[in-house]
Amino acid sequence: MFDLNLFPHPLVGTPFGAALDLAIVIGALALGLSLLTREYSWADRFWSMAPPIYCLVVAAGAGFESARLNLMTVLVTLWGVRLSYNFWRKGGFKPGGEDYRWAYLRERMGELWFQVMNCTFTSFGQMLLVWLFTSPIHHAWLNRDAPLNWIDALAAGLFLALLLGETVADQQQWNFHQDKKRRIAAGAEITAPFLTTGLFSRCRHPNLFCELGMWWVFYLFAVAASGSPLHWSLAGAILLNLLFLGSTRLTESISLGKYPSYRGYQQRVPALIPIKFGRAS
């Protein structure tokens, strides 16, 4: 039922192998839609939907009889619903709702190299990364008869705490930008062009800190199921870290170009980890 057999790979015959086939199909769909619409945020639109689907495929593959798989699926579904809602209210699902950074990269890279990136990383690469950071559920499936333990409880608690933190950070950011729009429309002076209060006084990207933390915590479920601290699925969290570091640098370079005072914010407040070790960077 779950063996799609679309592509030969080592996980053929497993539910998460079917999820890999699906990830490749979604990557192809993202690529096709980007070429058809000339918008390059299609992988962004699928980003929050794919992990809950992958987890549902795996949980269903165990007949929804594994408490750990069911728990992981519920947590990732909560994550996906929240992220999809935040993306929707910012207009990400609307026509023309492309992330502003794609246009910036397209201008800097030139059309040829931008399309090379679109055909590799932007579409397939991102969807494979999403599949990879969801992969701890595969190790939980391999050990689906192992009972829940204290590591699962710790992972679930931390995941929910980080989910709450990301929700608060995104809401603070939403409130700030809505107020900024109202002030601009009213012709009022903008004294604070970017957010530096609330959680953003602790680090410059608290939402990304929580997002990364959730997927590192998600890996603990694989540890709880197998009893082993190391699995290949750890690569998902590591690669997600690298992606976010790169995207954060890009975002901040754009912010510096718009707001010279952003340099002072960088010097005062850490980027991702809300603890200051010497000079912020």
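(A) Just the overall build of the protein chain, in detail. A count of helices and strands for the protein chain gives eleven helices and zero strands. Scanning the protein chain from its N terminus toward the C terminus, one meets helices and strands in the order α-α-α-α-α-α-α-α-α-α-α. The C-alpha atoms of the protein chain give 20 Å as radius of gyration, which agrees with the globular expectation for 281 residues (19 Å, within 12%). Burial statistics for the protein chain: of 281 residues in total, 47% are counted as buried. Carbon and sulfur atoms provide 67% of the accessible area of the protein chain, an area that totals close to 14,000 Å². Charged side chains in the protein chain number 23 positive and 17 negative. The centres of these two groups are separated by 11 Å.

(B) Representation of the side chain of Arg 89 within the structure. As for its position among the elements, Arg 89 is in helix H4 (residues 67-89). Notably, Arg 89 is buried but unbridged: the nearest opposite-charge side chain belongs to Asp 170, and the N-O separation is 6.1 Å. Of the polar contacts made by the side chain of Arg 89, one reaches the side chain of Asn 86; its length is 3.0 Å.

(C) The arrangement of the nonpolar core in detail. Core analysis: the largest hydrophobic core is formed by 48 residues, its most contacted members being Tyr 54, Trp 79, Trp 131 and Phe 218. Ranked by residue count, the leading element in this core is helix H9 (residues 206-226), at eight residues. Core analysis: the next-biggest nonpolar cluster, separate from the first, contains nine residues, Ala 169, Leu 195, Phe 200 and Val 269 among them.

(D) Structural detail: the packing of aromatic side chains. Tallying each qualifying case throughout the model produces 17 aromatic pairs. Between Trp 47 and Phe 133 the ring centres are 5.7 Å apart and the planes differ by 50°, which places this aromatic pair in the tilted class. You can see Trp 47 sitting in helix H2 (residues 42-47) and its partner Phe 133 sitting in helix H6 (residues 111-133), a full 86 residues away along the chain. Trp 47 gets classed as buried once you look at its relative accessible area, which sits at 9%. Through a chain of ring-to-ring contacts, the aromatic side chains of Trp 47, Trp 79, Phe 133, Phe 159, Trp 215, Phe 218 and Phe 221 assemble into a single cluster. Arg 45 extends its terminal NZ or CZ atom over the ring of Trp 42, reaching a point 4.4 Å from the ring centre.

(E) Highlighting the pattern of salt bridges. The full count for this structure, using the stated rule, is ten salt bridges. The shortest N-O distance in the salt bridge between Glu 111 and Arg 38 comes to 3.1 Å. Taken together, the residues Glu 111 in helix H6 and Arg 38 in the loop between helix H1 (15-37) and H2 connect sequence positions 73 residues apart. The residue Arg 82 makes a salt bridge to Asp 170 at a minimum N-O spacing of 2.9 Å. With Arg 82 in helix H4 and Asp 170 in helix H8 (residues 150-186), this pair connects stretches of sequence that are 88 residues apart. Judged by relative accessible area, which is 7%, Asp 170 ranks as buried.

(F) Just the state of the cysteines, in detail. For the structure on display, the rule yields zero disulfides. The cysteine Cys 203 is free of any disulfide, with Cys 210 supplying the nearest cysteine sulfur at 7.6 Å. A relative accessible area of 1% means that Cys 203 is categorised as buried.

(G) Up close: the packing of H4 against H9. Following both chains from N to C, one finds H4 and H9 inclined at 175°, their axes separated by 11 Å at the closest point. Judged by the angle between their axes, H4 and H9 are roughly antiparallel. Counting all contacts with H4, which are made through Arg 68, Leu 71, Met 72, Leu 75, Val 76 and Trp 79, the residues of H9 involved are Glu 211, Met 214, Trp 215, Phe 218, Phe 221, Ala 224 and Ala 225. Grouping the amino acids of the contact of H4 with H9 by side-chain chemistry returns eleven nonpolar, no polar and two charged.

The rules behind these values
- Residues numbered from 1 in each chain as written.
- Predicted model: local features only at pLDDT ≥ 70, side-chain atom pairs only at ≥ 80, totals over all residues.
- Heavy atoms only, no water.
- Helix = DSSP H or I, 4+ residues; strand = E, 2+ residues; numbered from the N terminus.
- Rg over C-alpha atoms; globule rule 2.2 N^0.38 Å.
- Buried < 20%, exposed > 50% of the residue type's maximum accessible area, 1.4 Å probe, protein only.
- Areas by Shrake-Rupley, 256 points an atom, 1.4 Å probe, with all protein chains shown as cover.
- Lys, Arg positive; Asp, Glu negative; His and termini not counted.
- Charge placed at Lys NZ, Arg CZ, Asp CG, Glu CD.
- Salt bridge = Lys/Arg side-chain N within 4 Å of Asp/Glu carboxyl O.
- Polar contact = N/O pair within 3.5 Å; in protein donor to acceptor, adjacent residues only side chain to side chain.
- Core = buried A, V, L, I, M, F, W, Y, C linked by side-chain atoms within 4.5 Å.
- Phe/Tyr/Trp six-rings, centres within 6.5 Å; stacked < 30°, edge-to-face > 60°.
- Lys NZ or Arg CZ within 6 Å of the ring centre and 35° of its normal.
- Disulfide = S-S within 2.5 Å.
- Axes fitted to C-alpha atoms, helices over the stretch in contact; angles between N-to-C directions.
- Parallel < 35°, antiparallel > 145°, perpendicular 65-115°, else oblique.
- Contact = heavy atoms within 4.5 Å.
- Nonpolar A, V, L, I, M, F, W, Y, C, P; charged D, E, K, R; others polar.

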